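# Observations on the three-dimensional arrangement
Here are the chains, one letter per residue:
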Amino acid sequence: MVEERLDSASRDAAIGPGVASLLRAIANDLKRNDEAADADLGLAPGTFADLVAGRRAVTWELIQRVSAVWPVSERDLLPVRDDCPLGVRVHRFESSLKSARIIERGGAPYYEYRDTAMSRLASYRPEWIRMLRTVDNDDPGNPAVAWNSGHLLYQFTFFVGPVNYYYEWGGTKRCVRMRTGDSIFGLPFAPHTFTARDDTEPAYILALTYGGHLTGDPQRELSALGPAAGDHLALSLSPEAGQAELLKGLLRGRMFTLPELSARCHLSVVELEAILAGHRQPSGQELAVLAEALDVAVRDLLLPAAGTVDGVAVQLAATARSWWYPAEDDRAFRVTQLARTAIHPHTTALTVDVLANDEPDHNSFQTYQHQYVYVLDGVGSARMSWEHAGRRHHETISGGDSAYVKPGVPVRFSRTGPGILRLLVLRIGGSVTTEVRSALGAMPAGGVERYLAESQLWYDPKGGAR
Ligand code: FE
């Protein structure tokens, strides 16, 4: 009996909170009520109702059965494990030290890696990395320099000390001499490496890698669709060509001919041909009429400017913009812009000097983004406080500590002594994109709650009027 096996398995294989509402939402999507679900899944009558009500634990065996019978993947039924119930996870310097690993390249130590704050809720994989290979020149062909093969994750890197940064793009290897406060943003799969120019002073980086929207569902979907689909879907990085591909894709998707589009937007076929050939970019006015004709937002017709040269965006400390925050005459923080690129409009990298002695509400670091904070070696310590789920929390943080902050959590920093503490802040957008946010806003009252945790059938079995 399936039911008996479920009962015995449930003692040690329950999946955790959230799975019951995912199961209900999927059954609703497939228009299965409790009786139909029991029949489909070979469960004893009443079992599905118990599962979605949380009266019976959902087991791995049941998830496999659901995935075998219904057109869903196991992954669709697995809730995210929330490892940040207080809204913030603080990762202490001592714990970073304990995670230290020395990795050799070419038979000799090359890097010392230490973990810093991570969460299952965000795609950050931020490492503190010390360069153990010292070089006496800036030659990217130096045999002492051990290159990697590149990696999937985007990499924002903040430099401390005399670090050489090497990167390869289009078959050409380059080396840039970095100093404290310099930063770079690098594209996926571009080979790179780092060395120290001097072994008498600290030379390390904060390598803040993150998947952004590349990891998770898009990667899994494309793996299943295959390489030809990957080539078909990849848009050119050149703004003219990429925009033309985007527009052509929308036309094909809608089965519009050029005369049909022309009739809808009052641009001539000749003008449209020039735009679709990538010979010129449409003007703002033309974009507006094209968007209206295609029933999309203007932003759906636009691509970001590349923002990288040879695969990287470099921001040297010497030319970085700084400003006071929250205002010129309210100098709680000194903010400095680090490397950035329009490819990631929802990524923000900053250093923030904490000058505030108190924590007024308007000084909170509240943002729609996931937030990573690393306390750069500085003088003294800072107080970090935040509210989450109606409760106030606070921690004292100092050099080498790091933290992950959930989106929307108002976190505040103030100095606890005379010294100024410098924070490295990297904010990234999560899976809740602008499209998802606008869909949430379009839901009727109560819709967002049901989206987060569906608990009801999609209809009233008693058939009553609403
Ligand atoms: Fe890397």
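Scroll up a little and you will see the structure.
Described in the following lines is the structure provided in the data block. (Residues numbered from 1 in each chain as written. Predicted model: local features only at pLDDT ≥ 70, side-chain atom pairs only at ≥ 80, totals over all residues. Heavy atoms only, no water.)

### Regarding the packing of helix 10 (residues 258–265) against helix 12 (residues 284–294)
- Close contact between helix 10 and helix 12 brings their axes to 9 Å; oriented N to C, the two are set at 110 degrees. Comparing the axis directions of helix 10 and helix 12 gives the class roughly perpendicular. Crossing handedness for the pair helix 10 and helix 12: right-handed. Of the residues in helix 12, those touching helix 10 at Leu261, Arg264 and Cys265 are Val289, Leu290, Ala293 and Leu294. (Axes fitted to C-alpha atoms, helices over the stretch in contact; angles between N-to-C directions. Helix = DSSP H or I, 4+ residues; strand = E, 2+ residues; numbered from the N terminus. Parallel < 35°, antiparallel > 145°, perpendicular 65-115°, else oblique. Left-handed = near helix turned anticlockwise from the far one by under 90°. Contact = heavy atoms within 4.5 Å.)

### Some points on the packing of aromatic side chains
- Applying the stated criterion to the full structure yields 16 aromatic pairs.
- A connected cluster of aromatic rings, assembled from ring pairs, spans Phe159, Tyr165, Tyr167 and Phe194.
- The aromatic ring of tryptophan 324 is capped on one face by arginine 334, whose charged end is 4.7 Å from the ring centroid. (Phe/Tyr/Trp six-rings, centres within 6.5 Å; stacked < 30°, edge-to-face > 60°. Lys NZ or Arg CZ within 6 Å of the ring centre and 35° of its normal.)

### Looking at empty space enclosed by the protein
- This structure, assessed with the given rule, holds two cavities of 30 Å³ or more.
- In this structure, the largest cavity occupies an estimated 80 Å³ of space.
- Around the largest cavity, the lining is made up of 14 residues, and of these Tyr165, Gly186, Leu187, Ala190 and His192 lie nearest the centre.
- Breaking the lining of the largest cavity down by element, the ones donating at least two residues are strand 5 (154–160), strand 6 (163–169) and strand 8 (183–186).
- For the lining of the largest cavity, the residue count by class is eight nonpolar, six polar and no charged.
- One number sums up the size of the second largest cavity: a volume of about 50 Å³.
- Its residues assigned to classes, the lining of the second largest cavity shows six nonpolar, three polar and one charged. (1 Å grid on protein atoms, 1.4 Å probe; cavity = no way out; pocket = protein on both sides within 12 Å on 5 of 7 lines; lining within 4 Å. Points joined across faces, edges and corners; volume = space filled by probe spheres on them. Nonpolar A, V, L, I, M, F, W, Y, C, P; charged D, E, K, R; others polar.)

### Description of the pairing of strand 16 (residues 381–388)
- Note that strand 16 and strand 17 (residues 391–398) share eight bridges and pair antiparallel. Bridging from a neighbouring strand, methionine 384 pairs with glutamate 395 of strand 17.
- Joining the antiparallel neighbours strand 16 and strand 17 is a turn of two residues, in which alanine 389 adopts a positive phi near 50 degrees.
- By the bridge criterion, five bridges tie strand 16 to strand 19 (residues 411–415) in an arrangement that is antiparallel. Looking across to strand 19, one finds that serine 385 is bridged to arginine 412. (Pairing = 2+ DSSP bridges.)

### Some words on helix 10
- Of the residues making up helix 10, those classed as buried are Leu261, Ser262 and Cys265. Seen end-on, helix 10 carries its buried residues on one side only, within an arc spanning 100 degrees. Opposite the packed face of helix 10, turned more than 90 degrees from it, sit the exposed residues Pro259 and Ala263.
- Looking at the packing, one finds that the buried side of helix 10 touches helix 9 (239–254), helix 11 (269–276) and helix 12.
- Where helix 10 begins, the side chain of threonine 257 points an oxygen toward the backbone nitrogen of glutamate 260, at a separation of 3.1 Å.
- Just past helix 10, the residue histidine 266 takes up positive phi, approximately 60 degrees. (Buried < 20%, exposed > 50% of the residue type's maximum accessible area, 1.4 Å probe, protein only. Arc of directions from axis to C-beta. Polar contact = N/O pair within 3.5 Å; in protein donor to acceptor, adjacent residues only side chain to side chain.)

### Thoughts on the side chain of threonine 193
- Mapped onto the elements of the fold, threonine 193 is located in strand 9 (residues 192–196).
- A polar contact of 2.9 Å, which involves the side chain of threonine 193, links it to the side chain of tyrosine 110.
- For threonine 193, the side chain forms a polar contact with the side chain of tyrosine 111, separated by 3.2 Å.
- For threonine 193, the contacting residues outside a window of four places in its chain are Arg105, Tyr110, Tyr111, Val145, Ala146, Trp147, Asn164, Tyr165 and Tyr166.

### Considering the pattern of salt bridges
- Applying the stated criterion across every chain, the model contains 24 salt bridges.
- The residue arginine 89 makes a salt bridge to aspartate 83 at a minimum N-O spacing of 4.0 Å.
- Among the residues examined, aspartate 83 registers a relative accessible area of 12% and is labelled buried.
- Arginine 130 is the salt-bridge partner of glutamate 112, the closest N and O atoms lying 2.7 Å from each other. One end of the pair, glutamate 112, is in strand 3 (residues 108–115); the other, arginine 130, is in strand 4 (residues 124–131), with 18 residues separating them in the sequence.
- Overall, glutamate 112 belongs to the buried group, its relative accessible area being 6%. (Salt bridge = Lys/Arg side-chain N within 4 Å of Asp/Glu carboxyl O.)

### Some remarks on the nonpolar core
- Tyr124, Phe156, Phe158, Leu206, Tyr372, Leu424 and Leu426 are the most contacted members of the largest nonpolar core, which totals 26 residues.
- Put simply, the parts of the chain that give this core at least two residues each are strand 4, strand 5, strand 10 (204–210), strand 15 (370–375) and strand 20 (421–428).
- Val335, Val373, Ala403 and Val411 belong to the second-largest nonpolar core, a separate cluster that totals 23 residues. (Core = buried A, V, L, I, M, F, W, Y, C linked by side-chain atoms within 4.5 Å.)

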